[in-house]
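Architecture and fold: a report
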Amino acid sequence: MMYEFNHRHLLGIEGLNPLDLRYLLERAESYVALNRQTEKKIATLRGRTIINLFFENSTRTRTSFELAGKRLGADVINMSVASSSVKKGETLIDTAMTLNAMHVDVLVVRHGDSGAPHLLARKLNCAVINAGDGTHEHPTQALLDALTIRRRKGRLEGLVVAICGDIAHSRVARSNILLLNALGAEVRVVAPPTLLPAEIDRLNVRVFHSMREGLVDADIVMMLRLQTERMQGALIPSMREYFHFFGLDREKLAVAKPDAAVMHPGPMNRGVEIDSDLADDIDRSLINEQVEMGVAVRMACLDVLSERHVTAQKGSQA
Amino acid sequence: MSHPPTLLRNARLLDPTAGTDQPGDTLIIDGKIAATGTSLPIPEGSETLDARGACLAPGLIDLRTHGRDPGQEHKETLRSQVDAAVAGGITAMGVIPDTEPGIEDPTSVAWLVQRSRALGKARVLPYAAMTQGRKGQQLTEFGLLQEAGAVAFADGAKATTDALVLRRALAYARTFNAVLFTHPEDRALTRNACATEGEYATRLGLPAAPAAAELLQVQRDLLLAELTGGRLHIGPITTGAAVEAIRAAKAKGIHVTCDTAVAYITLNEIAIADYRTFTKLSPPLRREEDRQAVIAGLADGTIDALSSDHTPEDQDAKRLPFVAAEPGIIGLETLLPLGLAPVHQGRISLMDLLRRLTVAPAAILGQPVPSLAVGAVADLVLFDPDAPVRLKAETMRSKSKNTPFDGFPSQGKVLATLVGGRLVYRRPA
């Protein structure tokens, strides 16, 4: 498939058009088979350097990016920067300038502040992939979710996707809302008002405060992690009340389509936002497929952005 | 120290107190206006300045600037601040005591007055802290501070959380007819917030507070002003709802005045796209409807004064993720060119704009009435309101360059500034 992916960085789903998104999904699709082979390594990115710069702890996303880079033949280095809450921004710029001097090809960055990858992208010469910034975006998560849904359901157009839980603090929700809308799904959000950001309806979603209503005829039920620190600022009164009204169990799922699939970006709080048995039910749960698709999607993103990087360099020498 | 007489010729004389707008000359002797009229004779040994038809008005009085000296001289010294002020046509400015240490004893006030006099540029009108350590608990010595030269009392961008403390401050301040400045943001609702709640902040994933956090605080402060009869000044006002509340309070006879800052009539929340920290303000930028309502409030006089809200911050404080960056922008040199935009758009007359920039702030701060009449102190600004200018951060005199208006096309430039009859700024040719 010949297509010019015309972005230097992947900072969010915002700004990508449906053609860009389909192109990335197609590329990812081609890596799924490779990842299932015994011999999983190719030389596409041989000689390239990828740095995973993580200001927040994340074993699974970091490992997924690391595997993706290594399977494409790149050298991958993980940097975890302990973030003191006061001076973390200073570290960010300092680190960026240091990395710039090392001729890195792709920087994968996760940061607790929204917009931090955008700041880095302005200071760096290499491609930047946002691996999650604050409560803003997590584009590769949305892409892997889309790929997972597409493989299970054969399409995204016309599907009803209910995203449930802490939408307000979720970068996964924002990226998914943008991507699913761009590719023609009907998106709902289900949460108590304290966990919904202001004017979320302006992002073309239908808003529900009840699982029993929001899940009616849903094709996909996407659960979000409820971070325990959210229990502090009076957002919800208790875990048990939350699970009772917003935790996913078989009873609540019964109003969805009979073949509705359940997703979760992980790591799960079993018994808080999702019933443990349901999470493990291979007929309903796509949670393991999501992890598998994550590697393929990240390979596609690294691959596509590295091409762009080379093109840009050649262009500047000409 | 005698200074030769100065004759400003061929000016468009704008006197916002008299409401007159006519061509003429102005003669300045001993720091005061000695004569105005057409074709004034040139006295022996005088210096003449040909205005070539440019506007001559009383110097601007900026009632909202943030001090960084002492304590953060790497961001702004008193010297760089007064230099920037006169380059912006500002001849006097109120300085909110965001300094370390703060201005809360009579000696610091006197010292600030003395240092600024020695610099001989813009006049510095010191504000003292309203509470000790700006902690919102124990009042400062309003009377002694006022005797030392403090013209107002302010705790900076910290809203006074404790209603009882503000009540007592407003009541006690009546003893000295002192004015208290309060900041219009409810602190609980705005905790951790750096944007206005709504679709825009939701898309950017930024912690946000509702615009109603302003009205909530303004209403409370107005009630306390009504209860005590004290003099209250609130600002910067950024929402239409707060403008309405203050309009109603004034109609009831509550002693309240307010200002808005130039950023709020120039930009709306869309400017925070790309997480540019130079657009992070406190209060944050608002919706377009609010920007329009604030311009309307400025035009009808509900908003008494237009200020710069000059807040110098260095790169270490601004080259950070949006959430972590300090709020605020510099504004002394952009006050007039950006303030003129509503004049060019036909929203407010030039004379009314000048009132918001001279007569009103002088009245709030108890300063002499700005005027071009014979006998008035010759604090003057000469400016061309129509000249197109592309604003440039690098040429600004402020030590910090945190402005979102670098490269911004505007109309209007300051040509010369006089303080006490002395030419303290002349625009380089």
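Residues numbered from 1 in each chain as written. Chains lettered and ligands numbered in written order. Predicted model: local features only at pLDDT ≥ 70, side-chain atom pairs only at ≥ 80, totals over all residues. Heavy atoms only, no water.

**A closer look at the overall build of chain B**
Helix and strand counts for chain B stand at 14 helices and 18 strands. For 429 residues, the compact-globule formula gives about 22 Å, and the C-alpha radius of gyration of chain B, at 21 Å, lands near that figure. Oriented by its inertia axes, the alpha-carbon framework of chain B measures out at about 65 × 45 × 45 Å. Looking at chain B alone, contacts between residues at least 24 apart form 75% of all its contacts between residues at least 6 apart. With the model as given, the accessible surface of chain B reaches about 16300 Å², and the carbon-plus-sulfur share is 51%. (Helix = DSSP H or I, 4+ residues; strand = E, 2+ residues; numbered from the N terminus. Rg over C-alpha atoms; globule rule 2.2 N^0.38 Å. Contact = heavy atoms within 4.5 Å. Areas by Shrake-Rupley, 256 points an atom, 1.4 Å probe, with all protein chains shown as cover.)

**A few points about the overall build of chain A**
Counting its secondary structure elements, chain A contains 11 helices and 9 strands. By the compact-globule yardstick of 20 Å for 318 residues, chain A fits well, its C-alpha radius of gyration being 19 Å. Each of the three principal axes of chain A carries a C-alpha extent, and together these read 60 × 45 × 35 Å. When burial is assessed residue by residue, chain A has 58% of its 318 residues classed as buried. Pairs at least 24 residues apart make up 74% of the contacts formed inside chain A by residues separated by at least 6 positions. Surface exposure of chain A reaches about 13200 Å², of which carbon and sulfur atoms provide 50%. (Buried < 20%, exposed > 50% of the residue type's maximum accessible area, 1.4 Å probe, protein only.)

**Some remarks on the interface of chain A and chain B**
On the chain B side, the residues contacting the 25 residues of chain A number 19 residues. Between the two partners, chain A and chain B, sit 2 salt bridges. The closest approach of N and O atoms between E199 of chain B and R202 of chain A, which form a salt bridge, is 3.1 Å. At the boundary of chain A with chain B, the tally comes to 9 residue pairs in polar contact (both at pLDDT 80 or more). No other element matches helix α4 (residues 116-123) of chain A, which puts 5 residues into the side of chain A that touches chain B. (Salt bridge = Lys/Arg side-chain N within 4 Å of Asp/Glu carboxyl O. Polar contact = N/O pair within 3.5 Å; in protein donor to acceptor, adjacent residues only side chain to side chain.)

**Focus on the pattern of salt bridges**
Across all of its chains, the model carries 39 salt bridges over all chains by this definition. In this structure, R64 of chain B and D259 of chain B form a salt bridge, with 2.7 Å as the shortest nitrogen-oxygen distance. You can see R64 of chain B sitting in strand β6 (residues 60-66) and its partner D259 of chain B sitting in strand β14 (residues 256-261), a full 195 residues away along the chain. Here the two residues R64 of chain B and D259 of chain B agree in accessibility, since each one is buried. Taken together, the salt bridges that share partners define one network made up of E199 and R202 of chain A together with E199, R203 and R287 of chain B.

**Remarks on α4 of chain A**
When you tally the buried positions in α4 of chain A, you get 6 out of 8 residues, the bulk of the element. Residues of α4 of chain A that are buried include every one of A116, P117, H118, L119, L120 and A121 of chain A, and no others.

**Overview of the pairing of strand β13 (residues 231-234) of chain B**
Pairing of strand β10 (residues 179-182) of chain B with β13 of chain B involves 4 bridges; the strand directions are parallel. Considered in β13 of chain B, the bridge of V179 of chain B is made with R231 of chain B. (Pairing = 2+ DSSP bridges.)

**Let's talk about the sheet that holds strand β9 (residues 261-263) of chain A**
All names here are of chain A. The 5 strands are arranged β7-β6-β5-β8-β9 in an open sheet whose pairing can be described as parallel. Edge positions in the sheet fall to β7 (206-208) and β9, since each has one partner strand and no second. For this sheet, the mean angle separating the axes of adjacent strands, direction not counted, is 20°. Sheet analysis places strand β5 (residues 160-164) next to strand β8 (residues 220-223), joined by 4 bridges and oriented parallel. Within β8, the residue paired with I163 across the bridge is M222. Along the sheet face, helix α5 (residues 139-153) touches β8 and β9 and points at about 165° away from the line of β9. (Axes fitted to C-alpha atoms, helices over the stretch in contact; angles between N-to-C directions.)

**Points about the packing of helix α1 (residues 78-87) of chain B against helix α2 (residues 106-119) of chain B**
All names here are of chain B. Two elements in contact, α1 and α2, have axes whose closest approach is 10 Å; the angle formed by their N-to-C orientations is 55°. Judged on the interaxial angle alone, α2 and α1 are oblique. Like other packed secondary-structure pairs, α1 and α2 cross with a definite hand, here right-handed. For the pair α1 and α2, the contacting residues are L78, R79 and V82 in the first and L112, R115, S116 and L119 in the second. Looking at the contact of α1 with α2 residue by residue, the class counts come to 4 nonpolar, 1 polar and 2 charged. (Parallel < 35°, antiparallel > 145°, perpendicular 65-115°, else oblique. Left-handed = near helix turned anticlockwise from the far one by under 90°. Nonpolar A, V, L, I, M, F, W, Y, C, P; charged D, E, K, R; others polar.)

**Considering a positive patch on the surface**
Where like charges cluster on the molecular surface, the positive patch consists of K135, K158, R187 and R191 of chain B. Position of R187 of chain B among the secondary structure elements: in the loop between β10 and β11 (195-196). (Patch = residues over 30% accessible without salt bridge, like charges linked within 9 Å, V, L, I, M, F, W, Y side chains within 5 Å. Lys, Arg positive; Asp, Glu negative; His and termini not counted. Charge placed at Lys NZ, Arg CZ, Asp CG, Glu CD.)

**Topic: the sheet that holds β14 of chain B**
Residue and element names in this part refer to chain B. The strand order β6-β7-β8-β9-β10-β13-β14-β15 describes an open sheet built from 8 strands, whose pairing is parallel. The open sheet has two free edges, formed respectively by β6 and β15 (305-307), since each of these has just one partner strand. Sheet twist, expressed as the mean angle between neighbouring strand axes with direction ignored, is 30°. Strand contacts of helix α4 (residues 163-173): β10 and β13, with the helix running at about 155° to β10, the strand carrying the most contacts.

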